[in-house]
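Residues per chain are reported as follows:
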2 protein chains.
Amino acid sequence: MEKHLDVPEPQVPRVVIVGGGFGGLELVKQLKKVDVQTVLLDRNNYHTFQPLLYQVATAGLEPDSISFPIRKLFHGFKNFFFRLAVVKEIDTSKNEVITDIGSLKYDYLVVASGSRTNFFGNENIRYHSMPLKTVVQSLQFRSFLLQNFEKALQTNDLKLREAYMTFVIVGGGPTGVELAGALSELKRYVLPVDYPELDVRRMTVHLVDAGDRVLQALSKKSSVDAEKYLIKLGVQLHKHTLVKDYDGKVALTVKNGADGEIFTKNLIWSAGVEGNSPKGIDIDKITERGNRIKVDDYNKVIGTENVFAIGDVASMEQEEYPHGHPMVAPVAIQQATNLGKNIKSILKDKDLKTFKYINKGSMATVGKNKAVVEVGNFKSSGAFAWFIWMFVHIMSLIGMQNKSIVFVNWFWNYLNYDRSNRLIINRFSKTERKQKRDEGKAGIVI
Amino acid sequence: MEKHLDVPEPQVPRVVIVGGGFGGLELVKQLKKVDVQTVLLDRNNYHTFQPLLYQVATAGLEPDSISFPIRKLFHGFKNFFFRLAVVKEIDTSKNEVITDIGSLKYDYLVVASGSRTNFFGNENIRYHSMPLKTVVQSLQFRSFLLQNFEKALQTNDLKLREAYMTFVIVGGGPTGVELAGALSELKRYVLPVDYPELDVRRMTVHLVDAGDRVLQALSKKSSVDAEKYLIKLGVQLHKHTLVKDYDGKVALTVKNGADGEIFTKNLIWSAGVEGNSPKGIDIDKITERGNRIKVDDYNKVIGTENVFAIGDVASMEQEEYPHGHPMVAPVAIQQATNLGKNIKSILKDKDLKTFKYINKGSMATVGKNKAVVEVGNFKSSGAFAWFIWMFVHIMSLIGMQNKSIVFVNWFWNYLNYDRSNRLIINRFSKTERKQKRDEGKAGIVI
């Protein structure tokens, strides 16, 4: 007999939301006073503030500071249920979600399952590189990075020692740029005092990007400023360059048709993401490029009546966005807000409102006093932009306690040029990590 | 060929210290200006402030707040070397320490490897219970506890549901008492709002102790006060009671010869510790009770010339302490200070100073405004004692940043009756945890 997920049978329509990211959480809030039962499913019991994962990875923040327990967020929400569950498949013919702890019927389904790292089919890279999409991956990276410095101490093979201290970041988006900056600051301020025996000047940080500039989503001016900051911090920038393979030791690169190689034990893959579309959505409803679910202007999945998708996993082709909206938090939040209103309208048989994205700007930080910010026509670079970046990120964190603790950490690190959370917490043995990687799990290189 | 640990060959005597606990760290400081090469070996790259591990386990603090990177502590120490290594064996005939990354010769060896959980030979208990001696175990416990609440939601078997919500803590020492108090506060303030669907009143916390009172190391009055606080918080106290077996479902107890049983999925074992004596020390130099290394009044291992042991792992039989000193941080620190001076004297051919322990007092906290403190003849219980407890613990933490962050956390939790770090971070799959437990690793129950 099939096991059922234990949620009380409602007298009102049941809305099942898959994923507790920015979109999923916002939708729960929108439905607070609506006459529905809301069930949120997530594989974690916490929400992750993904924009700051790179700070966990580089020992600047603790994972708890950028995460927030989902149950705590919705104290006092009536008719709300959270279940810690991994969604395995969706059966739209039976209106059913199948999870690892049982199946659940829905009246309305909202897929808000976000995105995952896109390795573009390269199994070697998936197997040997570190992505930075989850809390666990960031913690693994932190341990991996520090452990490689310990290993560098223990070898007399100079080439291998340098490989342990060489970092190749693939992808010049915000994650790649911010990580490159953070690693360079570690190189400059932290690692030389931690490892006086090593010649840390030999540590190198490479940022590799296929395009002609980093931060493609921002203006040309911001890209130029960001690149200037990166170079000032000592990052080696490789533009028009692809990483075509990596075996755990040598990254094979191509630049203008010419092959190259970089010896490195640390390859960070931030070259792309794809929609985390669940099994069971018809293949013709998934975009070929990006693995996203095709939705109409109301976020309804094409060809369905009661299935919606929002955020990174949804691709809404609109005039300004022929390939769907950018995969960023503000889109997810705005789509959730609009969908929440539309669900109310559906229940009241009113007309639905089409979604319209309002771009509130973008920003990225490279290092201390070095950031770029764009809001509409306003552009800023340098120290002021850096303060805006910090302010916006602290204010966006959920919870006063997280805000205060991140503030203390950043204030401290600002004064002391320090990043204190340098603990290597070994999670997996060598056998286990091999096993996990063989099973297809990414980011288990340590 | 045997691999050697890569540490520069010194022109001065080499002191190898095994373990970066309270004793090991203090000794490194004492040897700062002494004409020796100091090599510290530890399996972790951080020092753990063990007295607060129970706070990590109960979601009150993050692991990074109670840990400190060892390399950072010794910035600027000349002739100091840290190696991340697991000590496998000591060969006193060859003056050599054998580790997982190679062997190392020493002129003087100081074993400061601390203590580990003592299961008194009960394999079932080791296999199924949670100890709280390391950062990883505390994180595992935190996830385990929260996951069991999620599981309680998913079962209709009422007996099983209660077993998920029943906590049995074995051992009424400071760890047991503080954990029982913290769990009761979670029950009172946090879990009912997180799990409105569960009748959290059915959650029970049992504290089981073989003796006639908790906190045996403190005075009768303090024990009575602590027990009063525990009962006020709803803890079920079982004195004169032994837990003789546990199969993961039922804890078998004995009280005054009568058998009993408690259905529980959560058994926390804090009933004892034993010296973490490394392999290679002659069996006749190890105490039968407690597995500690017998040392003379100078912390020198009996029958050796250049091997010392300090802290929990050392047993120095003195008049007041016929079975060795209590296994607490102040003993380790004071022995390290004395040994540091004696090593200087040895190098200068001067007379050695015998060790004399100065007991500065003890304390334990049960919950908000509920603690007991004893310093010499001064005894205090209640709110004032609780403030002393907090002050002493914050001041004992290493680093201003840790101090500030723990302060923010505690201040926040004090105002809000909250414990925010409620993230379940799954570390191991079912297969992996079985494998680990089969290999003999404790604390991998999740």
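Parameters and conventions
- Residues numbered from 1 in each chain as written.
- Chains lettered and ligands numbered in written order.
- Predicted model: local features only at pLDDT ≥ 70, side-chain atom pairs only at ≥ 80, totals over all residues.
- Heavy atoms only, no water.
- UniProt positions renumbered as here; feature names shortened; annotations may be inferred.
- Axes fitted to C-alpha atoms, helices over the stretch in contact; angles between N-to-C directions.
- Helix = DSSP H or I, 4+ residues; strand = E, 2+ residues; numbered from the N terminus.
- Parallel < 35°, antiparallel > 145°, perpendicular 65-115°, else oblique.
- Left-handed = near helix turned anticlockwise from the far one by under 90°.
- Contact = heavy atoms within 4.5 Å.
- Nonpolar A, V, L, I, M, F, W, Y, C, P; charged D, E, K, R; others polar.
- Expected span 1.5 Å × (residues − 1).
- Buried < 20%, exposed > 50% of the residue type's maximum accessible area, 1.4 Å probe, protein only.
- Polar contact = N/O pair within 3.5 Å; in protein donor to acceptor, adjacent residues only side chain to side chain.
- Buried area = accessible area lost by both parts, 1.4 Å probe.
- Salt bridge = Lys/Arg side-chain N within 4 Å of Asp/Glu carboxyl O.
- Pairing = 2+ DSSP bridges.

The name an unreviewed UniProt entry gives chain A is NADH:ubiquinone reductase (non-electrogenic), with Flammeovirga kamogawensis as the organism. Word for word, the UniProt comment on chain A under Sequence similarities (unreviewed entry) is "Belongs to the NADH dehydrogenase family."

Our next topic: the packing of helix α1 (residues 22–30) of chain B against helix α9 (residues 329–347) of chain B. Residues and elements named next belong to chain B. Close contact between α1 and α9 brings their axes to 8 Å; oriented N to C, the two are set at 30°. On the basis of the axis angle, α1 is roughly parallel to α9. Where α1 crosses over α9, the two elements pack in a sense that is right-handed. Seen from α1, the contacting residues are F22, G23, E26, L27 and Q30; seen from α9, they are A329, A332, I333, A336, T337, L339, G340 and K344. Residues that form the contact of α1 with α9 fall into these classes: seven nonpolar, four polar and two charged.

What follows deals with helix α11 (residues 400–416) of chain A. Its 17 residues give α11 of chain A an end-to-end C-alpha distance of 24 Å, which sits within 8% of 24 Å, the value for a rise of 1.5 Å per residue. Listing the buried residues of α11 of chain A in full gives Q401, N402, K403, S404, I405, V406, V408, N409, W410 and N413 of chain A.

A word on the environment of Q335 of chain B. All names here are of chain B. Secondary-structure assignment places Q335 in helix α9. Owing to a relative accessible area of 1%, Q335 belongs among the buried residues under this scheme. Separated by 20 residues in the primary sequence, Q335 and F355 place their C-alpha atoms 6.7 Å from one another. Setting aside its immediate chain neighbours within four residues, Q335 contacts N299, I310, G311, A314, M316, H325 and F355. There is a polar contact of 3.2 Å between the side chain of Q335 and the side chain of N299.

With that settled, the discussion passes to the interface of chain B and chain A. Contacts between the two partners involve 56 residues from chain B, matched on the other side by 57 residues from chain A. For the chain B and chain A pair, buried surface summed over both sides reaches about 5100 Å², with 49% attributable to carbon and sulfur atoms. Of all residues in chain B, R71, Q154 and Q401 of chain B bury the most surface against chain A, accounting for 14% of the area lost on that side. Here chain B and chain A share six salt bridges between them. Two residues, D64 of chain A and R142 of chain B, come together in a salt bridge whose shortest N-O distance is 3.0 Å. Linking chain B with chain A are 16 residue pairs in polar contact (both at pLDDT 80 or more), by the criterion used here. At the level of elements, β4 (67–69), α3 (70–73), β5 (80–84), α5 (135–153), α7 (174–194), α11 (400–416) and α12 (430–438) of chain B are the ones that each hand at least two residues to the side of chain B that touches chain A. Grouping the amino acids of the side of chain B that touches chain A by side-chain chemistry returns 25 nonpolar, 15 polar and 16 charged.

All names here are of chain B. If you trace the five strands from one edge of the open sheet to the other, you get β5-β2-β1-β9-β20, paired in parallel fashion. Unpaired on one side and paired on the other, β5 and β20 (307–309) mark the two borders of the sheet. Across the sheet, the mean angle from the axis of one strand to that of its neighbour is 20°, orientation sign disregarded. Bridging between strand β1 (residues 14–18) and strand β2 (residues 37–42) involves five bridges; their strand directions are parallel. Each residue of the ladder has a partner; that of V18, found in β2, is L41. Each of β1, β9 (108–111) and β20 is contacted by α9, which is oriented at about 170° to β9, the strand it contacts most.

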